[in-house]
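Here's the letter readout for the chains.
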Amino acid sequence: MTGNAAGRAAGEGGSGLPGLIDATAYRVVQEAITNTLRHVRARTATVRIECTEDTLEVTVTDDGTAAPAGEHDKGSGLAGMRERVRMVAGTLEAGAAPDGGFRVRTDPPRG
């Protein structure tokens, strides 16, 4: 997988989000991309971030080969993401995407 990435470190401000929500979203994206690079043969990964009045929806999808059901729960990456999101009263979904590949989606409240 190749591509260009640009961004900023969590907590640098400018997002308008509370620091813990900002850092949680950053770490979910970081771990999801790390999992894409380590575990699947993806050509592309897409990060989608949408802010509503109440929530911050973050979705990371790739076009790789998703692991069989239950296989993706064996490592600590998804468990760590779930724990981080739970601590901010959000939800996390991770699994095969409807069109193939893998998807991680979270929706922590904005604060």
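Since the structure is predicted, the reported quantities are computational estimates derived from the model, not experimental observations. (Residues numbered from 1 in each chain as written. Predicted model: local features only at pLDDT ≥ 70, side-chain atom pairs only at ≥ 80, totals over all residues. Heavy atoms only, no water.)

As a further point, take the overall build of the chain. Looking only at helices and strands, one finds two helices and four strands in the chain. The secondary structure elements of the chain, listed N-terminal to C-terminal, are α-β-β-α-β-β. Total accessible area on the chain is roughly 6900 Å²; 49% of this is exposed by carbon and sulfur atoms. (Helix = DSSP H or I, 4+ residues; strand = E, 2+ residues; numbered from the N terminus. Areas by Shrake-Rupley, 256 points an atom, 1.4 Å probe, with all protein chains shown as cover.)

Moving on, we come to the nonpolar core. Membership of the largest hydrophobic core comes to 17 residues, with the highest contact counts inside it found for Val28, Leu56, Leu78, Met81, Leu92, Ala94 and Val104. Elements with a minimum of two residues in this core: helix 1 (19-39), strand 2 (56-62), helix 2 (77-87), strand 3 (92-96) and strand 4 (102-106). Ranked by residue count, the leading element in this core is helix 1, at five residues. Apart from residues no more than four positions distant in its own chain, Leu92 is found in contact with Val28, Met81, Arg82, Val85, Val104, Arg105 and Thr106. (Core = buried A, V, L, I, M, F, W, Y, C linked by side-chain atoms within 4.5 Å. Buried < 20%, exposed > 50% of the residue type's maximum accessible area, 1.4 Å probe, protein only. Contact = heavy atoms within 4.5 Å.)

Closest axis-to-axis distance for the helix 1/helix 2 pair is 10 Å, and the angle between their directions is 165°. Taken as axis vectors, helix 1 and helix 2 run roughly antiparallel relative to one another. Helix 1 and helix 2 meet at a crossing whose hand is left-handed. Across the interface between the two elements, Thr24, Arg27, Val28, Glu31, Ala32 and Asn35 from helix 1 touch Gly77, Leu78, Met81, Arg84 and Val85 from helix 2. Residues that form the contact of helix 1 with helix 2 fall into these classes: five nonpolar, three polar and three charged. (Axes fitted to C-alpha atoms, helices over the stretch in contact; angles between N-to-C directions. Parallel < 35°, antiparallel > 145°, perpendicular 65-115°, else oblique. Left-handed = near helix turned anticlockwise from the far one by under 90°. Nonpolar A, V, L, I, M, F, W, Y, C, P; charged D, E, K, R; others polar.)

Okay, helix 2 next. For helix 2, every residue scored as buried is listed here: Gly77, Leu78, Met81 and Val85. For helix 2, the angular spread of buried residues about the axis comes to 95°, placing them on one side. In helix 2, those exposed residues whose orientation departs by more than 90 degrees from the buried face are Arg86 and Met87. Buried-residue contacts for helix 2 involve helix 1, strand 3 and strand 4. (Arc of directions from axis to C-beta.)

Another aspect to go through is unusual backbone geometry. One non-glycine residue, Ala89, lies in the positive phi region at around 65°. Its relative accessible area of 63% is what places Ala89 among the exposed residues.

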